[in-house]
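Architecture and fold: a report
Chain residues, written in single-letter form:
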Amino acid sequence: MKSSYSGAEIIARGIKDSGVETLFWYPGREILPLYHQLKDLGISLIRSSHEQCAVHSADGYYRASGRISSALTSTGPGSVNAMMGLSCAYKDGSSLVLLTGQVPTNKIGTDSFEEVDLLSMTSPVTKKNLRLENDFYGQIRSSFNEALSGRPRPVHVEIPTDILEQYYPIDFEYSKDREIIKLDIEKIKFAIKLINDSKRPLILAGYGAINSNSSQEIRSLSYKIGAPVITTLPGRGIIDEDDIYCFGTIGVRGTNNAKTAFEKSDLIISMGVKFSDRTSYAIDDNSKHIIDIDIEKTRKNIPFDISFVGSIKEIINNITLGVSRKNDLWIKKKPTKKIEGISSSSKPLKPQKVIYDILEKLDKNDIIITDTGSITVWTHLLKKVHFPRTFICSYSFGAMGFGLPASIGAKLSNDEKRVVLITGDGGLLMVLGELLTLSENDIDVKIFLINNGVLGTIKQYEDAKFGGKYSFSLGEKDFVSISRGLGVSAERAEDKGELKKGIKETLDSEGSMLLDILTDPNQKVPSGGI
């Protein structure tokens with residue numbers, strides 16, 4: 001065994017030993033030594049078209065699988081380009097490690113070529129950021145451990161490029177800190193009493209419940225105490241939405257069933273919920289008892305009767321063992337209202353009709369990813385989610401351009417599943433280069449482009465508030481030719497017959513395919529939910 005290793009070898013080994021199988025990057029001269037070491041260790045490196053996209057792909061990789069990935073960028077402009085993706089991962093609560101090059105150690109602070117204060121830039125949008133200075137292996141391992149511990153959020157590691165080709169003695173030993181949170185038995189007893197005394201208990205599950213893999217535990221508690229389950233948008237899929245105990249999503253685009261159950265409940269058991277303004281807007285009195293369970297203590301918008309911090313799965317199991325079995329659900333679901341326009345066959349096609357027809361042809365375990373704006377709203381309202389991590393969007397940050405690169409990460413982390421992207425022309429225009437990433441790496445993503453020629457939600461707001469003085473048109477563009485030119489097969493659909501044929505052809509295609517669907521720019525998303 002060698003007595004010393006280059007910095008690049010040590011860092012690459014730390015990444016590999018942290019469980020990274022796929023890493024997304026954009027080349028830069030200064031980081032090439034690390035690239036070669038990563039390749040030698042068998043890590044799959046996917047070159048994205050832009051550093052923002054590399055981070056979105058690593059983000060999508062985690063959201064669709066719960067496994068960690070990473071993005072690697074070079075010094076200066078390359079690292080700054082990654083900030084959009086990093087901010088999205090932070091706001092949406094996704095785990096990844098961003099590795100950025102930095103000028104050599106002796107040039108830091110001298111205003112040298114491509115130097116920028118990355119640590120100050122990334123501090124507000126990471127749970128931890130650091131510059132490698134010593135014990136590179138341990139720092140890399142702890143960075144990935146930090147990204148996966150507690151509430152998921154990204155970590156940033158800055159690498160001065162001079163260390164990559166210098167040699168250091170190392171034994172590659174690492175001991176992971178294991179924080180054990182002891183269960184508070186008195187709190188468990190109090191929670192059990194609150195549940196047993198409740199006449200109308202309700203379970204509210206969020207993204208933290210997804211990350212804790214608590215689906216079975218939530219179902220068991222729900223069935224035992226007769227509690228309907230409602231979810232936040234990112235918590236969708238924690239329980240099959242065809243289950244009679246699932247009452248849909250709460251929030252500004254929620255279901256009437258969830259809203260009614262929420263309003264009539266006398267006890268809320270929240271699990272992995274951050275209570276953002278889009279969820280907790282309806283909690284405006286003190287008439288409800290609330291039991292909150294989360295992986296870590298964070299600032300939330302409302303007070304609780306009991307607040308648990310620790311393993312969501314373990315806490316639910318202990319509560320379930322102690323509660324009394326109740327009768328069936330204390331409330332019955334009502335049929336959801338129909339979305340207007342989904343039966344229309346008019347031309348131009350209505351976007352809600354198009355999305356409805358696409359969703360009708362998908363399997364329950366397909367992974368659906370959307371870009372932001374009206375596309376996400378229509379899909380959220382029309383789709384039932386049956387499994388965790390199968391409906392992905394930028395729900396807290398609303399990042400345009402998120403969809404396509406996130407789909408790439410999702411597919412690479414779930415090769416056995418079909419990945420379907422529903423995107424708009426505004427979002428796709430921002431990341432067109434990722435079509436080349438698809439074709440160069442033979443990544444199979446089915447792309448349905450809802451092409452209405454405008455920035456839909458912006459136009460809707462403009463029309464309502466300013467009388468439509470500006471159209472927000474995106475101009476003439478030929479996505480079919482662009483897609484084919486970048487190596488992804490493509491067709492166009494303008495009417496009902498072409499749509500039916502195009503959906504089948506796209507879903508049956510070998511490899512990626514894009515269906516450019518021309519839709520009505522004047523359709524407006526509903527102001528509420530269903």
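Overview of the structure. (Residues numbered from 1 in each chain as written. Predicted model: local features only at pLDDT ≥ 70, side-chain atom pairs only at ≥ 80, totals over all residues. Heavy atoms only, no water.)

What about the environment of Tyr 35?
In this structure, Tyr 35 sits in helix H2 (residues 32–40). C-alpha separation for the pair Tyr 35 and Glu 9, spaced 26 residues apart in sequence, amounts to 9.9 Å. Setting aside residues no more than four positions away along its own chain, Tyr 35 makes contact with Trp 25 and Leu 45. (Helix = DSSP H or I, 4+ residues; strand = E, 2+ residues; numbered from the N terminus. Contact = heavy atoms within 4.5 Å.)

A word on the sheet that holds strand S14 (residues 306–309)
Reading across from one edge, S11-S10-S9-S12-S13-S14 is the order of the 6 strands in this open sheet, with parallel pairing throughout. Strands with a single pairing partner mark the edges of an open sheet, and in this sheet they are strand S11 (246–249) and S14. Neighbour-to-neighbour, the strand axes of this sheet turn through a mean angle of 15°, independent of strand direction. Judged from the 3 bridges that link them, strand S9 (residues 201–205) and strand S10 (residues 229–231) form a sheet pairing that is parallel. Following the sheet pairing, Ile 203 is matched in S10 by Val 229. Contacting S9, S10 and strand S12 (267–271), helix H10 (residues 215–225) crosses the sheet at an angle of about 165° to S9. (Pairing = 2+ DSSP bridges. Axes fitted to C-alpha atoms, helices over the stretch in contact; angles between N-to-C directions.)

With respect to the packing of aromatic side chains
Taken as a whole and assessed by the stated rule, the structure comprises 9 aromatic pairs. For the pair Tyr 207 and Tyr 395, a centre-to-centre distance of 6.0 Å together with 70° between the ring planes defines the contact as edge-to-face. One end of the pair, Tyr 207, is in helix H9 (residues 207–211); the other, Tyr 395, is in the loop between strand S16 (391–392) and helix H15 (403–413), and 188 residues separate them in sequence. For the pair shown, Tyr 207 and Tyr 395 are each scored as buried. Ring centres of Tyr 223 and Tyr 245 lie 4.7 Å apart, and the angle between their planes is 55°; this geometry places the pair in the tilted category. Taken together, the residues span a long stretch of sequence, with Tyr 223 in helix H10 and Tyr 245 in the loop between S10 and S11 at a distance of 22 residues. Overall, Tyr 245 belongs to the buried group, its relative accessible area being 9%. Pairwise contacts between aromatic rings join Tyr 5, Tyr 137 and Phe 172 into one cluster. (Phe/Tyr/Trp six-rings, centres within 6.5 Å; stacked < 30°, edge-to-face > 60°. Buried < 20%, exposed > 50% of the residue type's maximum accessible area, 1.4 Å probe, protein only.)

With respect to helix H20 (residues 496–508)
Helix length check: H20 (13 residues) gives 18 Å between terminal C-alpha atoms against 18 Å at 1.5 Å per residue, within 8%. On its buried face, H20 is in contact with helix H13 (351–360), strand S17 (419–424), strand S18 (446–451), strand S19 (489–493) and strand S20 (513–518). (Expected span 1.5 Å × (residues − 1).)

Regarding the sheet that holds S19
One key point about sheets: their strands pair by backbone hydrogen bonds, in either a parallel or an antiparallel sense. Pairing within the open sheet is parallel, and its 6 strands lie in the order S16-S15-S17-S18-S20-S19. The sheet terminates laterally at S16 and S19, the two strands that pair on one side only. As judged from the 6 bridges shared by S18 and S20, these two strands associate in the parallel manner. Note that in S20 the partner of Ile 450 across the bridge is Ile 517.

Some remarks on the pairing of strand S13 (residues 289–294)
Of all the 6 residues making up S13, 5 are buried; the element is thus mostly covered by neighbouring parts of the structure. Relative to S13, S12 runs parallel, the two sharing 5 bridges. Paired with Ser 270 across the two strands is Asp 292, which belongs to S13. Relative to S14, S13 is paired through 4 bridges, and the arrangement is parallel. By the bridge assignment for S14, Asp 292 is matched with Ser 307.

Some words on the nonpolar core
With 49 residues, the main nonpolar core has Ile 269, Ile 291, Ile 293 and Ile 319 as its most contacted residues. Top contributing element to this core by residue count: helix H8 (residues 185–197), with 5 residues. If we skip the residues at most four places from it in the chain, Ile 293 touches Ile 269, Ser 270, Met 271, Gly 272, Phe 308, Ile 312, Ile 315, Ile 316 and Ile 319. In this structure, Ile 369, Phe 402, Ala 406 and Leu 449 belong to the second largest nonpolar core, which totals 43 residues. (Core = buried A, V, L, I, M, F, W, Y, C linked by side-chain atoms within 4.5 Å.)

Observations concerning helix H12 (residues 312–322)
When we look at burial in H12, the residues that qualify are Ile 312, Ile 315, Ile 316, Ile 319 and Thr 320. End-on, the buried residues of H12 take up no more than an arc of 130°, which puts them together on one face. Looking at the packing, one finds that the buried side of H12 touches H8, H9, H10, S12, S13 and S14. (Arc of directions from axis to C-beta.)

None of this, on its own, says anything about what the molecule does.
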